[in-house]
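Breakdown of the fold
Okay, here's what each chain looks like letter by letter:
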Amino acid sequence: MIFNSIHFLIFFTVVFSLYYFVLKERTKPQNVLLLIASYVFYAWANWKILPLLAVTTAIFYGLGIASFEAKTDKRKSLFTALGVVFGIGTLLYFKYFNFFITSFKDLFEFFGLQTNLHTFKIIVPIGISFYTFRLLSYIIDIQRGKIEPTRDIIAFSTYVAFFPCILSGPIDRPATLIPQLQSTRAFDYSLAVDGVRQILWGLFKKVVIADNLAVYVNQVFENYQDQSGSALLIAAVFYSFQLYADFSGYTDMAIGVSKVLGFRVTKNFDFPYFAQNIAEFWRKWHISLTAWLTDYVFMPLNIKWRNWGKWGMILAIVVNFVLCGLWHGDNWTFVLWGFYHGLLFIPLILSGAMFKKNKIETYKWDFPKPKIVLTILLTFALWTLGLVLFRSESVGQAFEFLGGMIQFDTLRATYLMFILKDTWAIWFVLFMLVVEWAQRKKEHGLETLGFSWNKWLRYTFYFVLAFTICLYSLKGESPDFIYFQF
């Protein structure tokens, strides 16, 4: 069940009606409804993976209380370690078991040694990377004294399985969502309306932009050996916008649905394609994951290796991003993608610019100055090169793709005609960039856009967006969100 489907529309209509009109402001019954709805939503993908979610939730609920009530720091650390080992172990088994077997097998065979290692058909539970990180932050924050465990099993279970966010985030911290689940929630008209606008913008990015760019991107990546350099370059750029429109579109919908239900969840994107260096980019892209890795991986390693100065920080950031790559999947392409981003931080660390906040200098009519445009384009180019690794099925394919991409050839008229005639997506990308540039200091693309317009003009604008979404929805079944695979 995906947000841009008739099934979800029916599902959410039922949940919304029961939530506000039947249960009204009764917190516990509302939470029970949300938990049931979340489990139904999750089971829709594959009901066989639901017991793992329920059992894992129960284990961390008990470990959280045991850690908090432990009489000594040693016992507290023991319960925390059990939670971390169980959480990481579950991830390693379901996501990486076959990856390790294949890697060891290839290594032994490289040295001429035959093995009897075999891979297994392991179903990777959808959303496991996201809800496991929620659980790990819960047990670690209890051990650090940042939060106290909740004894409300319904609220805790709902925090873990909250249906707008379970499949692809954001990765909310317990201190963000659990208190909201334990407080009274009445219908907030202004918050709900803002949520609907954010859902509309997310749907536009997903259905109109991402799904249409995917047609060209998939065609080129699947037949990359027969493509010209210009076709490969265009596909790489298109994939950058496809990934952003797809993932941030999902996030906009998830946050918007949460707002309609009266929740404020973690912001996950802050218009990253306007970043001026790669460090700023990662502070704006997949913010909840970046912040999680910063707090639980980078900072502890950076403190541990602080005696090594800047080189200790470099080592910590490289390890951090290698783990970030591994979090995305069981392929060496993701490992190299993470390593690549770690290397991009080295000049920023050595120059002391890693934590520098860059201002966007503009002219009178909000046009960016040339220097700003160049730094934004350079950051985008570095990101796009890395995404070839991210999108490729193997390291060999990635390097062949990159090698073909840098081969000089003129932009063939056939490709130009394809872009301009057979897909409107490029024009919608430009529209998206203009809208988000105008709203770059806001929470999402439609937060205040059109508020100064005539009322009829503003609602006509919303209607055109909705009509365009419906028009493109009729073209065929929309593919799953890209981050569902992680």
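The structure reproduced in this document is the subject of the present report. (Residues numbered from 1 in each chain as written. Predicted model: local features only at pLDDT ≥ 70, side-chain atom pairs only at ≥ 80, totals over all residues. Heavy atoms only, no water.)

1. Topic: the overall build of the protein chain
As a reminder, the rule being used: Each helix is a run of DSSP H or I of at least 4 residues and each strand a run of E of at least 2, with the numbering of both proceeding from the N terminus. Our radius of gyration is a C-alpha quantity, and the globule rule it is checked against amounts to 2.2 Å times the number of residues to the power 0.38. Residue burial is assigned from relative accessible area. The probe radius is 1.4 Å, only protein chains are included, and a residue is buried under 20% of its type maximum, exposed over 50%, and partly exposed in between. Note on definitions: a residue-residue contact is assigned when non-hydrogen atoms from the two residues lie within 4.5 Å. Residue exposure ignores everything except the shown protein chains as possible cover, and the areas themselves are Shrake-Rupley values with a 1.4 Å probe. Positive charges are assigned to Lys and Arg, negative charges to Asp and Glu, while His and the chain termini are left out of the count. Note that the charge is assigned to NZ on lysines, CZ on arginines, CG on aspartates and CD on glutamates.
Broken down by element type, the protein chain carries 19 helices and 0 strands. Here the protein chain has a C-alpha radius of gyration of 23 Å; the compact-globule value for 486 residues is 23 Å, and the two agree. Residues classed as buried in the protein chain amount to 54% of the 486 residues present. Put simply, of all contacts in the protein chain between residues at least 6 apart along the chain, 76% involve residues at least 24 apart. Summed over its atoms, the accessible surface of the protein chain is roughly 23500 Å², and 67% of this surface lies on carbon and sulfur atoms. Across the protein chain, the centroid of the 43 positively charged side chains sits 7 Å from that of the 31 negatively charged ones.

2. Digging into the packing of aromatic side chains
Heads up, the condition is: Only the six-membered ring of Trp is used, alongside the rings of Phe and Tyr, when aromatic pairs are assigned; centres must lie within 6.5 Å, and planes under 30 degrees apart are stacked while those over 60 apart are edge-to-face, with the rest tilted.
Under the counting rule described, the total for this entry stands at 69 aromatic pairs. A ring pair is formed by phenylalanine 281 and tryptophan 285, whose centres lie 5.6 Å apart and whose planes are at 20°; its orientation type is stacked. The same class applies to phenylalanine 281 as to tryptophan 285, namely buried.

3. A closer look at the side chain of arginine 134
Structurally, arginine 134 can be placed in helix α5 (residues 128–143). Overall, arginine 134 belongs to the buried group, its relative accessible area being 1%. If sequence neighbours within four positions are ignored, arginine 134 has contacts with Tyr159, Val160, Phe162, Cys165, Pro170, Ile171, Asp172 and Leu177.

4. Focus: the environment of glutamine 227
Note the following rule: We call two N or O atoms a polar contact when they sit within 3.5 Å, provided that within protein one can donate a hydrogen and the other can accept it, with sequence-adjacent residues counted only if both atoms are side-chain atoms.
Its location among the elements puts glutamine 227 in the loop between α8 (189–222) and α9 (229–260). You can call glutamine 227 buried: its relative accessible area is 18%. In this structure, the C-alpha to C-alpha distance between glutamine 227 and methionine 405, residues 178 residues apart in sequence, is 9.1 Å. At a separation of 3.3 Å, a polar atom in the side chain of glutamine 227 contacts the main-chain carbonyl oxygen of asparagine 223.

5. Structural notes on unusual backbone geometry
Backbone phi values are negative for most residues with the exception of glycine, while trans is the configuration of most peptide bonds. For the bond running from glycine 169 to proline 170, omega is 5°, close enough to zero to count as cis. With respect to the element layout, proline 170 can be found in the loop between α6 (153–161) and α7 (174–181). Even without glycine at this site, phenylalanine 271 takes up a positive phi of about 55°. Its place among the elements puts phenylalanine 271 in the loop between α9 and α10 (278–284). According to the relative accessible area criterion, phenylalanine 271 is buried, its value standing at 5%.

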